[in-house]
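Single-letter residue listing:
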Amino acid sequence: RHPDGGGSRVGVAAFSCASDMSLGSTAFAAKKGIAVDDSTMQWCASQIPEVWPNSDAPMTSIRLFKAWDATWEADQAAAWDNLAAYVTNAGAQVLIGTQITCDEAEDNQAWEWTKALVKKLHPDHVMGLGIGNELELLQYKGTDMVPESCLKKIWEEGYLWQQFQRMVSEFDDLGFDAVPVTSVFTGLGLSGSPFYEHAGKARVNSFLVNATKAYGDRFAFTWNFYPYFDPNYGLDAGTSDECTNALNHAACWGPECSVPVQMRMARAKMAELATQTNAAGGGKLWIGETGWSSDLAETLKTNLKPCTTWSSMDTFRNYYRDFLAWDLDIGGNQQAPDHVFWFTMRDSHNFGANEYFGLITECDEPACKVASAGYEAATYSEFDGPAARSCGDAPLYNDWSRGEENCKNKCTLDPQCQYFGIWPHSHDGNYWCKLTATCETWAADSFQVSTYRRESSSITPAPTLVPTPAPTPVPTPAPTPTSPPVPAPTPAPTSTPTPAPTPAPTPAPTPA
């Protein structure tokens, strides 16, 4: 593996993916953003788009699930520098997250990374701090992964609330005391009076009571909604593979469509909580994740799996197009959400299972996912070889790639690159790759090198440095989309909680 993820050379990159399909304008672009998957954060933080894919509106907010992960092999400093460069160049804001599990040592290490990263960002560039993600779903992971003692620690012994208060306090000490704070829940959290509350499983209601009382308007309610995984939808009556009725309600953004309906429910329950607690705070509504998958997500287990239209590119494209055009109206005379994040920037893995919610397929891919069949961001022709020589002119890049296609994509991403040379396979899927602006001289080589010349390109020239190669990343958990409150939703990815041998924390305060 080549451990130079995130881009070891940091420049004033202005990345955008290329496509021959425009999906029109983006309404309320300043209130919409993209969730950054683990692969992007680890291997190609230099390739965060500054404009919405398939649109011309600036993309000025991102959600990070974590600042770093102990299992990641990439260059942390380079990834953070590239992230900071995007934020500065785009004038963007970041909703940054940190984990809550039952391993206190790992949680504390993750928090130290989060603090280190936010120190590189001005408070004006941090829209919020998210502490914990979809913790009410831990109960569905099974006792082999999440023992009852773990759930007891988080909810009954007050670990979540204590960590939340400590982290917010330390966040404030860094100068971020005016920045909103949140913890992210799913549609399951909406099932309750007003929110989910079950002893030994999850006490979302108690947490939200405590948080709104303690932080008032600074606290934001954040929810992840995924109609794609909703188990309440079924196939059309009398069919074995059609789902028109489900699509008409799920894959749309009108007031009676799935996600706006759930947002309306969230607004109503937020108001109910404020009435019960005589609190005026807690009015911010953020959607931490929503999106669609194409191809078929391997984690889709509902009755709609046989319906090919459900996971088709047409459905993905239309859902994303309508998301861009959506005016944030949720109907019912309810206030619009304050911010919404699309999941996700690139296709990701969930415990080794492939999911395809990304607007771009992978790192170093110059094309947007939404494009005509057969579309190429640039075309190349054979120039030389295979021969025991390579272009001898000054290289723009001279390092590992993941094959001919990846080497070609690296060339496409650099507007200066006109030639790429690819060596035979070396090891573990790695191939040596050389990019040059010219090829007027030759250098002898002991291997058979194939050299190609760029013929055309749809990439707009920009002062973008060539990203460092991203080795095929080990699949890392990505936040799993979840279902509305009934029935039991799909488990969410968080670090596998294990009970930590720490003294039992003092119980969290509960509402009077």
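Residues numbered from 1 in each chain as written. Predicted model: local features only at pLDDT ≥ 70, side-chain atom pairs only at ≥ 80, totals over all residues. Heavy atoms only, no water.

A.B. asks: Pulling in residues and values, what's your account of the overall build of the chain?
C.D. replies: The secondary structure content of the chain amounts to ten helices and 17 strands. Excluding contacts between residues fewer than 6 apart, the proportion of contacts in the chain whose partners are at least 24 apart in sequence is 80%. By element, 51% of the accessible surface of the chain is carried by carbon and sulfur atoms, the whole surface being about 19000 Å². (Helix = DSSP H or I, 4+ residues; strand = E, 2+ residues; numbered from the N terminus. Contact = heavy atoms within 4.5 Å. Areas by Shrake-Rupley, 256 points an atom, 1.4 Å probe, with all protein chains shown as cover.)

A.B. asks: So what's going on with the sheet that holds strand β17 (residues 442-457)? Residues and values would help.
C.D. replies: Taking strand neighbours across the sheet as the criterion, the five strands line up as β13-β17-β15-β16-β14 in an open arrangement whose pairing is antiparallel. Unpaired on one side and paired on the other, β13 (378-391) and β14 (395-401) mark the two borders of the sheet. Going across the sheet, the axis of each strand differs from the next one's by a mean of 20 degrees, ignoring polarity. One ladder, built from ten bridges, connects β13 with β17; its direction is antiparallel. Bridge pairing in β17 links Ala378 to Ser457. Across the sheet, helix α10 (residues 404-413) is in contact with β13, β14, β15 (419-427), β16 (430-436) and β17; its angle to β15 comes to roughly 150 degrees. (Pairing = 2+ DSSP bridges. Axes fitted to C-alpha atoms, helices over the stretch in contact; angles between N-to-C directions.)

A.B. asks: Account for the pairing of strand β10 (residues 339-343), naming residues and giving values.
C.D. replies: Counting buried residues along β10, five of its five residues qualify, which places the element largely inside the surrounding structure. Alternating positions in β10 separate into two faces, His339, Phe341 and Phe343 on one and Val340 and Trp342 on the other, with burial throughout. As paired elements, strand β1 (residues 32-36) and β10 share four bridges and run parallel to each other. Directly across from Ala35, in β10, lies its bridge partner Phe343. Strand direction decides the pairing type here: strand β9 (residues 284-290) and β10, joined by three bridges, are parallel. Its bridge partner lying in β10, Ile287 is registered against Val340. As for the winding sense of the linkage, the β-α-β connection from β9 through helix α9 (residues 313-325) to β10 is right-handed. (Buried < 20%, exposed > 50% of the residue type's maximum accessible area, 1.4 Å probe, protein only. Right-handed = clockwise from strand over helix to strand, strands pointing away.)

As far as function goes, none of this settles anything; it's purely spatial.
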